[in-house]
Amino acid sequence: MKKIRIGIIGAGIQGVCSALFLQKKGYEVILFDREDPGKQAASYGNAGHFSPYASIPLNRPDILTDIPAMLLSSTGPLALRWNYVPKMIPWFLKFIKSCTTKNMMHTAKYMHQILDLALPAYDELFEEVDLTGLVENNGIMYIWNDQNLKSRELEIKIRDEIGADQQLLNKKEIHDLEPNIKKIYHGGVFYKQAKHAKNPGKIWLRLFEHFKKQGGTFLKFNINELNFDEDKPVIRSETQRFVFDKLVIACGAFSKKLTDKLHENIPLDTERGYHIHFKGCDHLISRPVVFQNRGFGMTPMEQGLRVVGTVEFGGLQNPPSKGRIKNLINNAKYLLDGLPEHEDEWLGFRPTLPDYLPVIGPSKNYKNVFYSFGHHHLGWTLGAISGKIISRMISNENTNLELSPYSSLRFK
Ligand SMILES: Cc1cc2nc3c(=O)[nH]c(=O)nc-3n(C[C@H](O)[C@H](O)[C@H](O)COP(=O)(O)OP(=O)(O)OC[C@H]3O[C@@H](n4cnc5c(N)ncnc54)[C@H](O)[C@@H]3O)c2cc1C
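Residues numbered from 1 in each chain as written. Predicted model: local features only at pLDDT ≥ 70, side-chain atom pairs only at ≥ 80, totals over all residues.

Trainee: Could you give an account of the overall build of the chain, with specific residues and numbers?
Mentor: Looking only at helices and strands, one finds 12 helices and 21 strands in the chain. Taking 412 residues into account, the globule formula puts the C-alpha radius of gyration at 22 Å, and the chain, at 21 Å, falls close to it. If you line up the chain on its principal axes, its C-alpha atoms span 65 × 45 × 40 Å. Split into buried and exposed, the 412 residues of the chain put 48% on the buried side. (Helix = DSSP H or I, 4+ residues; strand = E, 2+ residues; numbered from the N terminus. Rg over C-alpha atoms; globule rule 2.2 N^0.38 Å. Buried ≥ 20, exposed ≤ 12 C-beta atoms within 10 Å, placed from the backbone.)

Trainee: Go over the site of the ligand with me, naming the residues and quoting the values.
Mentor: Surveying the vicinity of the ligand reveals 40 residues, the closest of which are Gly12, Asn46, Gly252, Gly273 and Gly379. Elements with a minimum of two residues in the shell around the ligand: helix H1 (13-24), strand S2 (28-33), helix H2 (42-45), strand S15 (269-278) and strand S19 (343-352). Residue composition of the shell around the ligand, by class: 17 nonpolar, 19 polar and four charged. (Near = placed C-beta within 6 Å. Nonpolar A, V, L, I, M, F, W, Y, C, P; charged D, E, K, R; others polar.)

Trainee: Can you lay out the nonpolar core for me, pointing to particular residues and giving the numbers?
Mentor: In this structure, Ile8, Val16, Ala118, Ile249 and Val307 are the most contacted members of the largest nonpolar core, which totals 105 residues. In terms of residues, this core owes the most to one element, H1, which gives seven residues. Ile8 has contacts with Gly15, Ser18, Ala19, Val29, Leu31, Phe32, Val248 and Ala250, leaving out every residue within four places of it along the chain. (Core = buried A, V, L, I, M, F, W, Y, C linked by C-beta atoms within 7 Å. Contact = placed C-beta atoms within 7 Å.)

Trainee: Outline the sheet that holds strand S20 (residues 359-362), supporting the account with residue identities and numerical values.
Mentor: Sheet architecture is open: six strands sit in the order S10-S2-S1-S14-S21-S20, paired in mixed fashion. The outermost strands of the open sheet, each flanked by one partner alone, are strand S10 (217-220) and S20. Within the sheet, the average angular offset between the axes of one strand and its neighbour, ignoring direction, is 20°. Pairing geometry for strand S1 (residues 5-9) and S2, over five bridges, is parallel. The partner of Arg5 across the bridge, within S2, is Glu28. (Pairing = 2+ DSSP bridges. Axes fitted to C-alpha atoms, helices over the stretch in contact; angles between N-to-C directions.)

Trainee: So what about the sheet that holds strand S3 (residues 49-50)? Which residues, and what values?
Mentor: Taking strand neighbours across the sheet as the criterion, the three strands line up as S3-S9-S5 in an open arrangement whose pairing is antiparallel. One side of each edge strand has no neighbouring strand; the edge strands of this open sheet are S3 and strand S5 (135-136). As paired elements, S3 and strand S9 (residues 195-197) share two bridges and run antiparallel to each other. Each residue of the ladder has a partner; that of Phe50, found in S9, is Lys195.

Trainee: Can you break down the packing of H1 against helix H12 (residues 383-394) residue by residue, with the values?
Mentor: Contact geometry for H1 and H12: axes closest at 7 Å, N-to-C directions at 50°. Here H1 lies oblique to H12, going by the angle between them. Relative to H12, the crossing made by H1 is right-handed. Taking contact as the criterion, the partners of Ile13, Gln14, Cys17, Ser18, Leu20, Phe21 and Leu22 in H1 are, on H12, Gly383, Ala384, Ser386, Gly387, Lys388, Ile390, Ser391 and Ile394. Its residues placed into classes, the contact of H1 with H12 shows eight nonpolar, six polar and one charged. (Parallel < 35°, antiparallel > 145°, perpendicular 65-115°, else oblique. Left-handed = near helix turned anticlockwise from the far one by under 90°.)

Trainee: If you had to explain the pairing of S15 to someone new, which residues and values would you point to?
Mentor: For S15, the buried fraction is high: 10 of the 10 residues fall into the buried class. Here S15 shows two buried faces, one formed by Asp269, Glu271, Gly273, His275 and His277 and the other by Thr270, Arg272, Tyr274, Ile276 and Phe278. With eight bridges connecting them, S15 and S19 associate as antiparallel partners. Paired with His277 across the two strands is Glu343, which belongs to S19.

Trainee: Explain helix H9 (residues 200-213) residue by residue, including any values.
Mentor: Taking 1.5 Å as the rise per residue, H9 with 14 residues should run 20 Å; its terminal C-alpha atoms sit 20 Å apart, in good agreement. Along H9, the positions that sit buried rather than exposed are Pro200, Gly201, Ile203, Trp204, Arg206, Leu207, Phe208 and Phe211. Each element contacted by the buried residues of H9 is listed here: H1, S2, H2, helix H6 (118-126) and S9. Of the residues flanking the end of H9, it is Gly215, one or two places downstream, whose phi is positive at about 100°. (Expected span 1.5 Å × (residues − 1).)

Trainee: Describe unusual backbone geometry, with residues and values.
Mentor: In this structure, Thr310 is a non-glycine residue whose phi angle is positive, near 80°. For Thr310, the position within the fold is in strand S18 (residues 304-313). Despite not being glycine, Asn400 shows a phi value in the positive range, around 60°. In this structure Asn400 comes out as exposed when scored by C-beta crowding, with 7 C-beta atoms within 10 Å.

Trainee: Give a detailed account of the pairing of strand S6 (residues 140-144), specifying residues and quantitative values.
Mentor: Most of S6 sits inside the fold, with five of its five residues counted as buried. Here S6 shows two buried faces, one formed by Ile140, Tyr142 and Trp144 and the other by Met141 and Ile143. Taken together, the five bridges between S6 and strand S8 (residues 187-191) define a ladder with antiparallel strand orientation. Residue pairing across strands places Met141 opposite Phe190, the latter belonging to S8. With three bridges connecting them, S6 and strand S16 (residues 289-291) associate as parallel partners. Looking at S16, one finds that Tyr142 is bridged to Val290.

Trainee: Lay out helix H11 (residues 322-335) with the relevant residues and their values.
Mentor: For H11, spanning 14 residues, the distance from its first C-alpha to its last is 21 Å, which sits close to the expected 20 Å at 1.5 Å a residue. Within the sequence span of H11, burial applies to Arg324, Asn327, Leu328, Asn331, Ala332 and Leu335. Down the axis, H11 shows its buried residues gathered within 125° of arc, on one side only. H11 presents Lys322, Gly323 and Lys326 as exposed residues on the side facing more than 90 degrees away from its buried surface. (Arc of directions from axis to C-beta.)

Structure below.
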């Protein structure tokens, strides 16, 4: 019998995980990307946190009052590229609407629903590939100073309400866990069950190679057009024509170009983020440490100490900002002594919807097209579970989950 043929556009962590779960169900899968997987994209340069606890979204009432101070501070996480602000106004207006307590709790509930399943879903993929030395189980620590304590209290309360596992830390406990961090902190929280990647790009590549080893096909195309043969999606290159039974769009922050062509106005935009490495400094901490007041984190990785952060609203075209790199250097030096010159400046694009829920599910207008994008700060953590959900949707199996909150229909 002819196998059902699935195309996936985008071979980031979302595309590759969907491909692997679809292969498990016996489908023939063809994965397309304009780049070679494992390099450059958000799935390469992220902070490497597998963070199942992180259900509290950025659409919160208290964030709105904090934004002006964040924008004025050179040490803060938030930045704007003014040439892009007019284009982003519709997104900002939708974001402001999402910042009510009710909408925040809706996002938190449905992020928790999938975050809670994120690590077990990865276990199903990780048991098939050799990731020796690439995933650490030392938990993740967040610290803060004595500013904005009301926001910290709110976060702790919500996590308690939705049942996320958290262990509050006093100054001594923080020092015991991470003795090299300067004592600028007032308190913190430890997520014991969280893990981190020692090299996200390498893990992504190993999963991709596993897909190919199992008979999956990869084609390096930049896809700008989608056509249909009756209701079957068609992708054309200069020399070939592929007809699929089903198609998945998983292009991260770039997905909107394709969904617009499917006549769906999904308000996807990007939060630009940066990383730098301090080579040979990964031994300074034993686990990822996030300093909440300045919205940045440090992760010990194979490449050295990766310092990651910034939410910069500036679209997909603007060049990287030197100011944001400087912000990361200064912030890292605020927490650690003796750091050398940094290396490897990287800019990446978080795919973000204004209500901070991803889009996972069928297209509004084309029943054989599915979406998996918009996972914002949590797309690395949510790769496997999103892929598993997509594979169940495509094979018409019950997930026992409430999936309507992730549908693109919420933007109609
Ligand atoms: C600074 C930073 C830190 C982060 N830290 C974390 C973290 O610690 N934990 C966490 O869970 N998440 C984190 N994230 C978020 C996470 O990295 C992303 O949400 C996730 O990687 C998105 O995966 P993706 O597969 O959707 O997109 P991507 O990784 O961007 O992949 C999309 C792929 O689609 C391809 N593509 C795009 N358009 C086309 C086209 N037209 N034709 C063909 N191919 C196309 C691209 O080349 C790319 O390979 C972070 C993100 C950033 C930027």
